[in-house]
Every structure is written in structure tokens, then in C-alpha cells.
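# Inside the fold
For reference, the chains in residue letters:
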Amino acid sequence: MNKKKKLNRLVICAFFVALTVVMTFTPLGYIPVGAISITTIHIATILGACILGAKYGMVLGGAWGVLCIIKAFQEPIPGNIPFQNPMISLVPRIIVGLVAGLVFYALSKTKLKKPLSLAIASVAATLTNTVLVLTALTIFNGFETITAGVTTALETIFSVLISVNGVIEIIAAVVLVPTLYMSTEKLLKDKI
């Protein structure tokens, strides 16, 4: 890869990191719904990983994770406090970028149409985020902080909300990632 293409890839990565910063500190990335937030910020990481590859996807996921930690300290409400732990907020996000990049790369070598490959990579990455974050919250007692003093009935409602949240995040990624990728593909084709 020549120096100009490397520089272009770095600039595009910086753009996605800047987008992640904006999404982290505005309602664009985490749409609050009661005690939980619907995450849309994963779309920037997934899209960047599909455009730039798994290595840059991990960088974007790492940026997302670090920004998540900063936000958790900046707004230490019960729903954010568990995300001060890097095992909950950083590690899963790095893996999201890796999964998105690797799945899309692997599928791009098949006869699947590109939008379908992007949709599958989006589902895989979004599920990776949901499963790893929920697993980390369980292992590191994050749910105890979030649901402190809440009755069993409310815990059940909270669990249902998390499930619905995951489905909404998958739908958003499956619609937006292929659409955004395909609309920018011609623009970026010779640059990266």
C-alpha cells in the first residue's frame, strides 16, 4: 500500500473517531430510554471496520470504549457507573470492531452480494457488543449497580427493555451500515 493510501486510511479513521466523539457526548450515540440507552454509536465503529478493515475497526472500537469510560465518569448515574470498568466498556468495543472487520472481509470473499455481507457483519458485530457487554455486566456485578434497590418486577421489566434495545440496535445497524457503505463506496474506491 502506498503512502497516500495509508494517509487516506488514517484520515478516514480519524473522521470515524471524531464522529464517535460527537456521538458519545450528544444524544446521537446513546438515545436515553428510561434506565437504559439505545446505542447507535456502534454503527460508526461497524461502518469504519467494514471500510477500513479489522485493524482499524479495533482502533475505532478502542476509541468508543475509552470515550464510554470518560462519559461514565463524567455522568456517574447508576446506569453509567458500571461502564467505568474497562472490562465492561473497552474490551467488548474493541472486539466489536474486530468482528465487524473480519466478518465483512470473510464474506467479501464469497459470492454474497455486498449489502448482504454488510448486513451480516452488522448483525455479528452488534450481537458481539450486546452479548459481551451483558456478560461483562454479569461477571463484574454491573447489574447490581444499575438495579440497586429495584424490586424483582422492575428487574424483569429492565431485562425486557435490554432485549428490545438489542433488537433495535441490530435493526439500525442492518439498515444504516449497508446504506452508508454503498453510498460512499464509489467516493472511497480508489482512495483506500
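What comes next is a walk through the structure. Just so it is clear, the model here is predicted, and its values are computed rather than measured.

With that settled, consider the nonpolar core. The biggest cluster of nonpolar side chains holds 34 residues, and the ones touching the most others in it are Phe-16, Ile-46, Cys-50, Ile-51, Phe-83 and Tyr-181. Listed by contribution, the elements that provide at least two residues to this core are α1 (3-24), α2 (42-52), α3 (54-74), α5 (91-108), α6 (114-139) and α8 (152-188). No other element matches α2, which puts eight residues into this core. What Phe-83 contacts, discounting residues up to four positions off in sequence, is Cys-68, Ile-69, Ala-72, Ile-88, Ser-89, Arg-93, Val-133 and Leu-137.

So, on to α5. Taking 1.5 Å of rise per residue, 18 residues should cover 26 Å, and α5 covers 26 Å from first to last C-alpha, within 8% of that figure. Within α5 the residues assigned to the buried category are Pro-92, Arg-93, Val-96, Gly-97, Val-99, Ala-100, Gly-101, Phe-104 and Leu-107.

A few words now on the environment of Glu-169. Mapped onto the elements, Glu-169 comes out in helix α8. As a C-alpha pair, Glu-169 and Asn-129 span 40 residues in sequence and 10.0 Å in three-dimensional space. At 3.0 Å, the side chain of Glu-169 and the backbone nitrogen of Thr-39 are in polar contact.

What follows is about the packing of aromatic side chains. Following the criterion strictly, the structure yields two aromatic pairs and no others. Taken together, a centroid distance of 5.4 Å and an interplanar angle of 70° make the contact between Phe-15 and Phe-16 edge-to-face. Of the residues examined, Phe-16 reaches a relative accessible area of 5% and is grouped as buried. Across the ring face of Trp-64, the terminal group of Arg-93 is positioned such that the distance to the ring centre comes to 4.4 Å.

Rules used throughout
Residues numbered from 1 in each chain as written. Predicted model: local features only at pLDDT ≥ 70, side-chain atom pairs only at ≥ 80, totals over all residues. Heavy atoms only, no water. Core = buried A, V, L, I, M, F, W, Y, C linked by side-chain atoms within 4.5 Å. Buried < 20%, exposed > 50% of the residue type's maximum accessible area, 1.4 Å probe, protein only. Helix = DSSP H or I, 4+ residues; strand = E, 2+ residues; numbered from the N terminus. Contact = heavy atoms within 4.5 Å. Expected span 1.5 Å × (residues − 1). Polar contact = N/O pair within 3.5 Å; in protein donor to acceptor, adjacent residues only side chain to side chain. Phe/Tyr/Trp six-rings, centres within 6.5 Å; stacked < 30°, edge-to-face > 60°. Lys NZ or Arg CZ within 6 Å of the ring centre and 35° of its normal.

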